[in-house]
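# Geometric and topological summary
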Amino acid sequence: MSVKVSKEFVQGLPKAELHVHIEGTLEPELKLKLAQRNHVDIGQSTIQEVKNSYKFTDLTSFLAVYYPAMNVLETEQDFYDLAMDYLHRAAKNNVRHVEIFFDPQAHTSRNIPFETVINGLYKATVDARALNIDARLIMCFLRDYSRESARKTLEESLKYQDKFIGIGLDSDEHNNPPMKFFNQFTDATTHNLHITAHADIDQKNSIEHIRELLEVIGTERIDHGTNIVEDPDLVEYAAKNEIGFTACPLSNSFVSPEMKGKEILELLNKGVKVSIHSDDPAYFGGYISDNYYALAKNFDLNKDQIVQLAKNSFETSWISNEQKALYLKQIDDYVRVNE
Ligand code: ADE
Ligand code: ZN
């Protein structure tokens, strides 16, 4: 199949990244370095051994590898290093704006203070300005933890409200519907926090979870969420209300044979604000440009489609309309000189 869009074009295109878990950017090299620095036995001592441990076929088996890896993260410096490592890669991918997920409960449950996590990550977002990246944080609740744990986490986070812009929901969706956290989402919005949530690929009740998110909770975006194509009325609702869908082709390819490319294109064609992101790039084999390119190559996307995906990423980001206009102009300028 001919590829209509070069890797260089995709790499240089200004992009917003709205679906990246900072813990999922922990590359084997940094993992080993931090394990040594903190004297943590991770059971692997070479990069190849770490890579060999990355074996998963679904969300549950992925999470079983993912959480133990976080044991190497202990100090504020560790969280700073993790985020800076990602931000340098994001800069190479011409990411101009990023809203980074972090999972405080995955750390507070190991007795790492909330303050340590958020201060290290936040410091990196400040230093991202030197890389020409506007970086923000989104705090996620782990949906397989209790409501009470989410409530306490939200309460504690409000002491640091100037350091993050919104709330997300991630981890194991099985038997953990969005409505479990209805009160926490409502509380978050009363504190002027934005809200988004994962509706992972092909879950037991995907379409019901998506319906709850759109019609009852009212999230501004849905992370993944491509199962919405099963319900044309909901697709129409999402298009009309400009709900963002943050798709991640490479991570999809670990749990579904065709990276949900057809569904992503269907949403794009129907005017839904779907966009492309990297999810957990250290685990799923590529950063944001690799995700764009994998989709373009496998589904024969043209330049207009790629550009629309990038525009959607800024349009559904949580920045001001003035900032959006500036970034959209940067895309238009880029396309003009790369005709
Ligand atoms: N945590 C990190 N990546 C995730 C994903 N793709 N789905 C749910 N939780 C996650
Ligand atoms: Zn995710």
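Residues numbered from 1 in each chain as written. Chains lettered and ligands numbered in written order. Predicted model: local features only at pLDDT ≥ 70, side-chain atom pairs only at ≥ 80, totals over all residues. Heavy atoms only, no water.

The protein chain is annotated in an unreviewed UniProt entry as Adenine deaminase from Lactobacillus johnsonii ATCC 33200. UniProt's Sequence similarities (unreviewed entry) comment on the protein chain is quoted here verbatim: "Belongs to the metallo-dependent hydrolases superfamily. Adenosine and AMP deaminases family. Adenine deaminase type 2 subfamily." Turning to the protein chain, the UniProt record has this under Catalytic activity (unreviewed entry): "adenine + H2O + H(+) = hypoxanthine + NH4(+)". (UniProt positions renumbered as here; feature names shortened; annotations may be inferred.)

### A look at the site of ligand 1
The full set of residues close to ligand 1 is H21, L59, F62, Y66, D170, S171, H198, D200, H224, D279 and D280. Between a nitrogen atom of ligand 1 and a side-chain N or O atom of H21, the distance comes to 3.3 Å. Between ligand 1 and the protein, one listed contact pairs a nitrogen atom with a backbone N or O atom of S171 at 2.8 Å. Protein contacts shield 98% of the accessible area of ligand 1, which totals 260 Å² for the unbound molecule. Residue classes in the shell around ligand 1 are distributed as 3 nonpolar, 4 polar and 4 charged. (Near = heavy atom within 4 Å. Polar contact = N/O pair within 3.5 Å; in protein donor to acceptor, adjacent residues only side chain to side chain. Areas by Shrake-Rupley, 256 points an atom, 1.4 Å probe, with all protein chains shown as cover. Nonpolar A, V, L, I, M, F, W, Y, C, P; charged D, E, K, R; others polar.)

### What about the packing of helix 2 (residues 28-37) against helix 5 (residues 76-92)?
Between helix 2 and helix 5, whose axes approach to 11 Å, the crossing angle comes to 165°. As summarised for this structure, helix 2 and helix 5 are arranged roughly antiparallel, according to the angle between their axes. As for how helix 2 packs across helix 5, the hand of that crossing is right-handed. Between helix 2, through L30, L34 and R37, and helix 5, the contact on the second element is made entirely by Q77, D78, D81, L82 and D85. Among the residues forming the contact of helix 2 with helix 5, the class breakdown is 3 nonpolar, 1 polar and 4 charged. (Axes fitted to C-alpha atoms, helices over the stretch in contact; angles between N-to-C directions. Helix = DSSP H or I, 4+ residues; strand = E, 2+ residues; numbered from the N terminus. Parallel < 35°, antiparallel > 145°, perpendicular 65-115°, else oblique. Left-handed = near helix turned anticlockwise from the far one by under 90°. Contact = heavy atoms within 4.5 Å.)

### Here we look at the UniProt feature "domain: Adenosine deaminase" (unreviewed entry) in the protein chain
In the numbering adopted here, UniProt assigns the feature "domain: Adenosine deaminase" (unreviewed entry) to residues 14-333. Structurally, residues 14-333 comprises 50% helix and 15% strand, and the distance from its first C-alpha atom to its last is 10 Å.

### Focus on unusual backbone geometry
We note that H39 has phi near 55°; this positive angle belongs to a residue other than glycine. Mapped onto the elements of the fold, H39 is located in the loop between helix 2 and helix 3 (47-52). Taking relative accessible area as the criterion, H39 reaches 73% and is therefore assigned exposed. The residue D279 is not glycine, and still its phi comes out positive at about 65°. Checked against the element boundaries, D279 lands in the loop between strand 8 (273-276) and helix 14 (281-284). When its relative accessible area of 5% is taken as the criterion, D279 is described as buried. (Buried < 20%, exposed > 50% of the residue type's maximum accessible area, 1.4 Å probe, protein only.)

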